[in-house]
Amino acid sequence: MKDNLLYERVLNLNASAGTNNLTAVKVKQGRIWHVRIVSVENQTNNFTRLRIIIVDGNVTYSCFEDMSPLAGELYFSDDEIFLREGQQIQAQLQGCTAGDVLVMFVHGYWEDIE
């Protein structure tokens, strides 16, 4: 089962001022994701708030939050997160500066369900 490694990188190389979202692809039909680590970084500037959430249609669930993150620091949600088909993991970075470089990595594994 753990041969099905999940590794996704989401980049924004030219962020807008204000809030920016980094969103991973949706979990495919018939699969479950076991997300072990989500890491997020603003490589350019400090920002005001980081939230890591699960997006399920029009509903969101918060998994991690940090206030006043520093530039160049990796922030981790290291609690295992389970996503079912159609859901997405998203990092919301609030208080960004125009031109910031934003990065999110999603690590774990996926499995087929029947």
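Summary of the structure given here.

What counts, and where the lines are drawn
- Residues numbered from 1 in each chain as written.
- Predicted model: local features only at pLDDT ≥ 70, side-chain atom pairs only at ≥ 80, totals over all residues.
- Heavy atoms only, no water.
- Helix = DSSP H or I, 4+ residues; strand = E, 2+ residues; numbered from the N terminus.
- Rg over C-alpha atoms; globule rule 2.2 N^0.38 Å.
- Buried < 20%, exposed > 50% of the residue type's maximum accessible area, 1.4 Å probe, protein only.
- Areas by Shrake-Rupley, 256 points an atom, 1.4 Å probe, with all protein chains shown as cover.
- Lys, Arg positive; Asp, Glu negative; His and termini not counted.
- Charge placed at Lys NZ, Arg CZ, Asp CG, Glu CD.
- Phe/Tyr/Trp six-rings, centres within 6.5 Å; stacked < 30°, edge-to-face > 60°.
- Lys NZ or Arg CZ within 6 Å of the ring centre and 35° of its normal.
- Pairing = 2+ DSSP bridges.
- Axes fitted to C-alpha atoms, helices over the stretch in contact; angles between N-to-C directions.
- Salt bridge = Lys/Arg side-chain N within 4 Å of Asp/Glu carboxyl O.

## Some words on the overall build of the chain
Then, number 1: Each helix and strand counted, the chain has zero helices and nine strands in total.
Then, number 2: Traced from its N-terminal end to its C-terminal end, the chain shows the element sequence β-β-β-β-β-β-β-β-β.
Then, number 3: In terms of overall size, the chain behaves like a compact globule, its C-alpha atoms giving a radius of gyration of 14 Å where 114 residues would be expected to give roughly 13 Å.
Then, number 4: Expressed along its principal axes, the backbone C-alpha trace of the chain runs to roughly 45 × 30 × 20 Å.
Then, number 5: In the chain, which comprises 114 residues, the share counted as buried stands at 45%.
Then, number 6: As presented, the chain carries roughly 6300 Å² of accessible surface, and 46% of it is formed by carbon and sulfur atoms.
Then, number 7: The positive charge centre, built from 9 side chains, and the negative charge centre, built from 15, are 5 Å apart in the chain.

## Regarding the packing of aromatic side chains
Then, number 1: Scanning the model with the defined rule gives one aromatic pair in all.
Then, number 2: Lying across the ring of Trp 110, Arg 31 places its NZ or CZ 3.5 Å from the centre.

## Describing the sheet that holds strand 4 (residues 49-56)
Two pairing modes exist for strands in a sheet, parallel and antiparallel, and in both the strands are linked by backbone hydrogen bonds.
Then, number 1: Sheet architecture is open: four strands sit in the order 2-8-4-5, paired in antiparallel fashion. Unpaired on one side and paired on the other, strand 2 (18-23) and strand 5 (59-67) mark the two borders of the sheet. Neighbour to neighbour, the strand axes of the sheet diverge by 20° on average, direction disregarded.

## Notes on the pairing of strand 8 (residues 88-96)
Then, number 1: Across the nine residues that make up strand 8, a large majority, eight, are buried.
Then, number 2: Looking at chain direction, strand 2 and strand 8 are connected through five bridges and run antiparallel. Of the residues in strand 8, the one forming a bridge with Leu 22 is Ala 91.
Then, number 3: Note: strand 4 against strand 8, seven bridges, orientation antiparallel. For Arg 51, the partnering residue across the bridge sits in strand 8 and is Gln 92.

## Remarks on the pattern of salt bridges
Any two side chains of opposite charge can pair if their charged atoms end up close together.
Then, number 1: Under the defined criterion, the tally for this structure stands at five salt bridges.
Then, number 2: We note a salt bridge from Glu 80 to Arg 36, for which the minimum N-O separation is 3.6 Å. Of the two residues, Glu 80 is situated in the loop between strand 6 (75-77) and strand 7 (81-84) and Arg 36 in strand 3 (residues 31-42); the sequence distance between them amounts to 44 residues.
Then, number 3: In this structure, Asp 56 and Arg 84 form a salt bridge, with 2.7 Å as the shortest nitrogen-oxygen distance. Of this pair, Asp 56 sits in strand 4 while Arg 84 sits in strand 7; the two residues are 28 residues apart in sequence, bridging distant segments of the chain.
Then, number 4: It is possible to trace a salt-bridge network through shared partners that takes in Arg 49, Arg 51 and Glu 65.

Worth remembering: the numbers are spatial, not functional.
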